[in-house]
Amino acid sequence: MTSNSSALSFFHRNEFLIRRLHSLSGLVPVGAYMCVHLITNASLLAGASVFQNNVFTIHSIPFLPLVEWAFIFGPILFHAAVGVWIAQTGKSNVQQYRYTHNRRYSWQRMTGYIAIIFIFTHVFHLHGWFHMDWWLKSVAEPLGMAQFRPYNAASSLADAMNDFGGIVWPIFYLVGVLACTFHLANGIWTAGITWGLWLTPKSQNRASVFCAIFGVFIGAAGIASLVAVKTTDSKAAKVIEDEMYKVRVEGHMVKPDDHKRTDGHQHKEERKPEPVAAP
Amino acid sequence: MMGNRVLVVGGGLAGLAATMKLAELGVSVDLLSLTPVKRSHSVCAQGGINSVNDLTRQQGDDEWQHFDDTIYGGDFLQNQPPVKEMAYWAPKVIDLMDRLGVTFNRTPEGFIDRRRFGGTLYKRTAFAGATTGQQLLYALDEQVRRYESEGLVKKYEFWDFLGPVLDDNGRCVGAVAQDMVSMQIRSFAADAVIVATGGNGLVFGRSTMSVFCTGSAASRCFQAGAKLGNPEFIQVHPTAIPGADKLRLMSESARGEGGRVWVPRKPNDSRYPKEIPQNERYYFLEERFPKYGNLVPRDIATREIFNICVNEGLSVDPTRMSVYLDLTHIPRAELDRKLGGILEIYEKFQGVDPREEPMKIFPAVHYSMGGLWVDYEASSSGGLLPGSPQNQVTNIPGLYALGECDYQYHGANRLGANSLLSCIFSGLFVAPGIVNLMKNNKAASDLPKSIFEKAVAVQESRHKALLANQSGDENPYLLHQELGDTMTRAATVVRDNAQLDEAYAKVLDLQARSKKCSLSDTGSWTNQNVIFTKAVQDMFPVSLSILRGARMRDESRGAHYKPAFSPPSLKSTDPAERLREAEAWCDDFEANNKKFLNSTICTWDGTEPVHSFEPIDTRLLAPRPRLYGLVGAEAIEQVWKERSASAKAKPESKQLVSAGT
Amino acid sequence: MIAPGSEAPKRKPSKINVRVLRQDGPGLPQYWERHQVDYEPDMNVISVLQKIAAQAKTSDGKKVSPVAWDCGCLEEVCGSCTMVINGRVRQSCSALVDRLVEDNPEEIELQPMTKFPVLRDLMIDRSRLFHNLKRVKAWVPVDGSYDMGAGPRISRADQEQNYPLSQCMSCGCCLEACPQFTKIELQRQPGETDESYDLRKKEAYDQGFIGAHAISQAMLFNAHPVGKNIADERMEALTGTGGIAACGNAQNCVAVCPKEIPLTTSIARAGRAATVYSFRKFFDR
């Protein structure tokens, strides 16, 4: 056996560990982060200042790029890569066996694919993935990407969503957020089975209800964020944000950082939207 | 033990028990089966497995009583030492199966729960829901799989046993078999061959048996020179669900758990069964057999149900003969716990919930008490000598038979829940004897190849001839149907000499026609057509033996019932006259036993069975009248007691009786 | 139909159309073939196939070899006769024609299972299913069969939990319906011996998903007082390649199981046990 198992692929040999890490990474940090992220975004409903305040808090984390990569992008990439592999190991048969759980199995995989496309585009669109100047200047920004400015959070967000007549991005985000929401809510349910939390059909049904409520809540947060962004007056918001920034810089609460501000960059209105950025 | 191999044919309870025990003793086993062994017909056994147990012991039961019930229930047609040994092993067998993980039902305190079965007054039957056979088989299957993964057992599943290979001295040194997928025919050298291939229900067309219970393996041994014992004793189970393709068993446990058999007193009563008031219901078994009630031995229950429908015209269904088997008075939860499996079968196939509505059942061919004749070596205490190679061996040295396909344990009628016991017991018990046999014999693998090549050539030419025969116009499926109809009419519940003669001639004719079968599939890959045709052809020697055995036995005994030769009930009401009648009855009984308390032996002369009788070893229990429900039973019993008391005064018979206790 | 007046008499067809997906041998192409048999009351798919075997003619009268299929007990306890009937995996013995024509009066469609290599027509090779029982050592590791007295005392509650699991008849329905259990079919190489071919199959099977039935059996024996003595060995198999982690929680297994075995409960239990086992393995060594 030993000579043979060494010939096995790495994935096969460590299948259990990899799959469990996949399950775990989906919950923590990816799932947990997604909750925080959507709830933070939803705080925009309470006004640009509340939202800006939250963003300041997040951006007060030291070594943020490192933290982002270690706890967010890394796990997402891992979860996505393993997820694609997992999806390849199965063959959906929902046409033949139209049971609810089987549909959920298929949807979990479909929403997984959607989530991958969505998250990659979304991070590129707002965050840009990397913050090296050459990347931003010669790749991301010419493509109309990397548009979010943490110290002009609401306004840059509102502007970013307004490309292509202000309808394409919101729909894209709506689909993406709902796919992620289903994927997370259903993923919590399957993780509960995988890790052995809920055992019997009865307890699994109860867990389903719980996960559904959770999903509705998170989905609502996502939709709320979108509504908030769409209803944000970006000019008015920018005024507030700049004022907040000024106060914080003066109060030594944030270090001045033009990279995180709209004004530190090329002004948005001067630039034509790039057609290639369509999702 | 190096180089020694045993071939086990059949992977039911008996075959697997033998395989497990042989492997445990370090013997390599080739296990050959028509089907993956886990799918063997033993899975269909439902009710349970009998043994004396701590509870019944305190009610006065013991192994001897179990032995006595088995012999009495079998109408004294068994050689007694094997039956005694089995009864004494029974508690050990159940302990073993318990240790192997069988999910027996439990009492609230955690002991194995027991239920009552037919032919006894004690709750001896351990059970796992209503799928006891399945559970027992799986436990053995698991142990055999364990030995398989250790390399001691090699399975050949989807292989058809074509016949034993005999050396020049007539010793069995292996077998020829055919891969049912690739159609390859090859020989297996073996120092002993165990045939544990079950019953022959398909001879009767539809029965409670699985489709592979054709009896062909036993028939092939018979045609190779092995003797058959008591072939005419076919158990017709009283309660089965009539069906188009199969008669599905409705276990005796349904009655063991309180199920009641009844018909409306009024013929053709079309009312819904639950609307018929109690006083208009005829609980005929309870009324006629107050002591045993619904749990009379199977042969009796079967005849009563048959009689109530055929002669008394009280069938509950005008189109299909049947009586009610009623469980509706038992709480649902209890039914589900103890009988779930069989109630689901009824519900699934009949579309009626038996917890709500009485089931409609009718007798069906179920079990063959007879089978390959096997030997035994008795111990000084009247049981079997452990480790003797004579135990379970057929008249062909080196060829053993176990389980339903032997004739050893059940006499003229098998008690419910004794078959699983006899299968496991004989499987476990035979192994040490085979190990001892192999100590003294030259290994079969060292024999000249020509012996095996010759045997393979015979089978290959049979196979090729069948495929090549395109001139005939007989359809094997239709021949089988005709055979089944003939056998069911002549050789089941009621037997009549004229009808048996007629059937014998008919079967001879069918046998001749079966030589002219032309196949619709002449291919050489997974050809089920040719496998089935061979099986049908090999049903005839067995069928003829059943008919011949039945014809020659002019008496009624257990499952073999000939009204023309049945002892009459006592008629007189006058006590003195009644006593005289009882005396005469007992005289007749003794005279009849002199003539017929013999095993039927059939051998095959190439075209027809040759019949003879062989005396029975009754060293432990003197035969006594079997009086369940007979009018005048008390008087006969009294006379008989007096007679046996005076017989007991003779010293030698006393010694024999006490030897066993 | 048997009970007079219990059902309103429905119009029954006089003929049954059957479409069978046939295959002459391993590696050969599959093809559909139409058959027609006379309707009789109380038929099941087995009796339909028996009629097809007896007549050996397609519906347009062409003489063909009989359709090959596997069956045994005909009362749904042996597990032989699994096939895909009208698109759904089930036992053909309990597939009653009257119900099938209620759903689709036009025809009955019979296909072999798709997750196992076809031997011929509706016959498939399910040896992988049994092999997977070896992977989880689905047996009680007793010392032997000598008389050692009774087994351990078992509570009624435990028996009632274990009995349903022990009813698994290895029919393979759970595997056929499982989107994560995919077909492994090897071709025999020219000149390959039986032994090396078997070994190659065994190695391939060892890497595939073990399946709901084997997971459930592992849980059955891990719950047995003596069976659990080798619980770690079973958990090693379940946490290995093709083990419990490959389950995708589609839960088709439990939906199609003819014995209604709580397979998903077994799977969740196995998940819990695997969690504990892997933590223990990691931290205890």
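Here the structure is a predicted model, which is why all the values come from computation and not from measurement.

## Points about the overall build of chain C
Here comes step 1: Along its length, chain C carries ten helices and seven strands.
Here comes step 2: Seen along its three principal axes, the alpha-carbon backbone of chain C occupies a region of about 70 × 60 × 40 Å.
Here comes step 3: Put simply, chain C has 285 residues, and 61% of those count as buried.
Here comes step 4: Put simply, of all contacts in chain C between residues at least 6 apart along the chain, 66% involve residues at least 24 apart.
Here comes step 5: By element, 51% of the accessible surface of chain C is carried by carbon and sulfur atoms, the whole surface being about 11200 Å².

## Examining the packing of aromatic side chains
Here comes step 1: On inspection of all chains with the given rule, the structure shows 41 aromatic pairs over all chains.
Here comes step 2: An aromatic cluster of three or more residues is present, and its members are W69, F73, F120, F124, W129, F130, W134 and W135 of chain A.
Here comes step 3: The ring centre of F127 of chain B lies 3.7 Å from the NZ or CZ of R115 of chain B, which sits over that ring.

## As for the nonpolar core
Here comes step 1: With 114 residues, the main nonpolar core has L22, I49, M97, I194 and I424 of chain B together with L238 of chain C as its most contacted residues.
Here comes step 2: Ranked by residue count, the leading element in this core is helix α11 (residues 419–440) of chain B, at 13 residues.
Here comes step 3: Once residues within four sequence positions are removed from consideration, I424 of chain B is found in contact with L13, A17, I49, V93, M97, L136 and L140 of chain B.
Here comes step 4: In this structure, A87, L285 and V323 of chain B together with V18 of chain C belong to the second largest nonpolar core, which totals 95 residues.

## Let's talk about the pattern of salt bridges
All names here are of chain B.
Here comes step 1: Scanning the entire structure with this criterion turns up 81 salt bridges over all chains.
Here comes step 2: The salt bridge involving E252 is made with R255; its shortest N-O contact spans 3.9 Å.
Here comes step 3: Its salt-bridge partner being R643, residue D587 comes within 2.7 Å of it at the nearest N-O pair. Taken as a pair, D587 in helix α16 (residues 575–596) and R643 in helix α17 (residues 633–648) lie far apart in primary sequence, 56 residues in all.
Here comes step 4: Note on D587: relative accessible area 41%, which makes it partly exposed.

## Comments concerning the domain arrangement of chain C
All names here are of chain C.
Here comes step 1: We note that the domain assignment places domain 1 (15–120) and domain 2 (126–145 + 153–284) within chain C.
Here comes step 2: Measuring from the centre of the C-alpha atoms in domain 1 to the corresponding centre in domain 2 gives 29 Å.
Here comes step 3: If you look at the interface, domain 1 gives 19 residues, while domain 2 gives 21 residues.
Here comes step 4: Summing both sides of the interface, domain 1 and domain 2 together bury roughly 1600 Å²; the carbon and sulfur share of this comes to 55%.
Here comes step 5: When the area that domain 1 buries against domain 2 is broken down by residue, the three leading residues are V89, K115 and F116, summing to 40%.
Here comes step 6: At the surface where domain 1 touches domain 2, the tally comes to one salt bridge.
Here comes step 7: R126 serves as the salt-bridge partner of D70, at 3.6 Å between the closest nitrogen and oxygen.
Here comes step 8: Connecting domain 1 to domain 2 are nine residue pairs in polar contact (both at pLDDT 80 or more).
Here comes step 9: Counting residues per element, the ones that place at least two in the side of domain 1 that touches domain 2 are β3 (82–85) and β4 (88–91).
Here comes step 10: Counting residues per element, the side of domain 1 that touches domain 2 draws most heavily on β4, which supplies four residues.

## A closer look at the domain arrangement of chain B
Residues and elements named next belong to chain B.
Here comes step 1: Segmentation of chain B into domains returns domain 1 (5–235 + 367–449), domain 2 (237–366) and domain 3 (452–552).
Here comes step 2: Taking the mean C-alpha position of each, domain 1 and domain 3 sit 26 Å from one another.
Here comes step 3: Summed over the shared surface of domain 1 and domain 3, the number is one salt bridge.
Here comes step 4: For R220, the salt bridge goes to D538, with nearest N and O atoms at 2.6 Å.
Here comes step 5: Viewed at the interface, domain 3 and domain 1 are joined by twelve residue pairs in polar contact (both at pLDDT 80 or more).
Here comes step 6: Among the elements of the structure, β7 (159–166), β8 (172–179), β9 (185–189) and α6 (216–223) are those that each provide at least two residues to the side of domain 1 that touches domain 3.
Here comes step 7: Residue composition of the side of domain 1 that touches domain 3, by class: 20 nonpolar, eleven polar and five charged.

## Comments concerning the sheet that holds strand β1 (residues 5–9) of chain B
Residue and element names in this part refer to chain B.
Here comes step 1: The five strands lie next to each other as β6-β2-β1-β10-β19, forming an open sheet whose pairing is parallel. Edge strands, defined here as strands with exactly one partner in the open sheet, are β6 (153–157) and β19 (399–401). The mean angle between the axes of side-by-side strands here comes to 20 degrees, regardless of whether they run parallel or antiparallel.
Here comes step 2: Of the strands in this sheet, β1, β2 (28–33), β6 and β10 (192–195) touch helix α1 (residues 13–24), which is tilted by about 165 degrees from β2.

## Brief notes about the arrangement of the chains
Here comes step 1: Summarising the chain contacts, two pairs of chains touch, and the pair with the most contacts is chains B and C.
Here comes step 2: At their nearest point, the C-alpha atoms of chain A and chain B are still 15 Å apart, with no contact between the two.

## Side note on the interface of chain C and chain A
Here comes step 1: The partner chain A presents 33 residues to the 36 residues of chain C that form the contact.
Here comes step 2: Between chain C and chain A lies a buried interface of about 2800 Å² when both sides are counted; carbon and sulfur atoms form 51% of it.
Here comes step 3: If you look at where chain C meets chain A, you find zero salt bridges.
Here comes step 4: At the junction of chain C with chain A, the criterion picks out 19 residue pairs in polar contact (both at pLDDT 80 or more).
Here comes step 5: At the level of elements, β4, α5 (173–177), α6 (194–207), α9 (252–256) and α10 (263–284) of chain C are the ones that each hand at least two residues to the side of chain C that touches chain A.
Here comes step 6: Here the side of chain C that touches chain A gets ten residues from one element, more than from any other, and that element is α10 of chain C.
Here comes step 7: Among the residues making up the side of chain C that touches chain A, the classes are represented as 15 nonpolar, 16 polar and five charged.

What counts, and at which threshold
Residues numbered from 1 in each chain as written. Chains lettered and ligands numbered in written order. Predicted model: local features only at pLDDT ≥ 70, side-chain atom pairs only at ≥ 80, totals over all residues. Heavy atoms only, no water. Helix = DSSP H or I, 4+ residues; strand = E, 2+ residues; numbered from the N terminus. Buried < 20%, exposed > 50% of the residue type's maximum accessible area, 1.4 Å probe, protein only. Contact = heavy atoms within 4.5 Å. Areas by Shrake-Rupley, 256 points an atom, 1.4 Å probe, with all protein chains shown as cover. Phe/Tyr/Trp six-rings, centres within 6.5 Å; stacked < 30°, edge-to-face > 60°. Lys NZ or Arg CZ within 6 Å of the ring centre and 35° of its normal. Core = buried A, V, L, I, M, F, W, Y, C linked by side-chain atoms within 4.5 Å. Salt bridge = Lys/Arg side-chain N within 4 Å of Asp/Glu carboxyl O. Domains from an automatic or database assignment. Buried area = accessible area lost by both parts, 1.4 Å probe. Polar contact = N/O pair within 3.5 Å; in protein donor to acceptor, adjacent residues only side chain to side chain. Nonpolar A, V, L, I, M, F, W, Y, C, P; charged D, E, K, R; others polar. Pairing = 2+ DSSP bridges. Axes fitted to C-alpha atoms, helices over the stretch in contact; angles between N-to-C directions.

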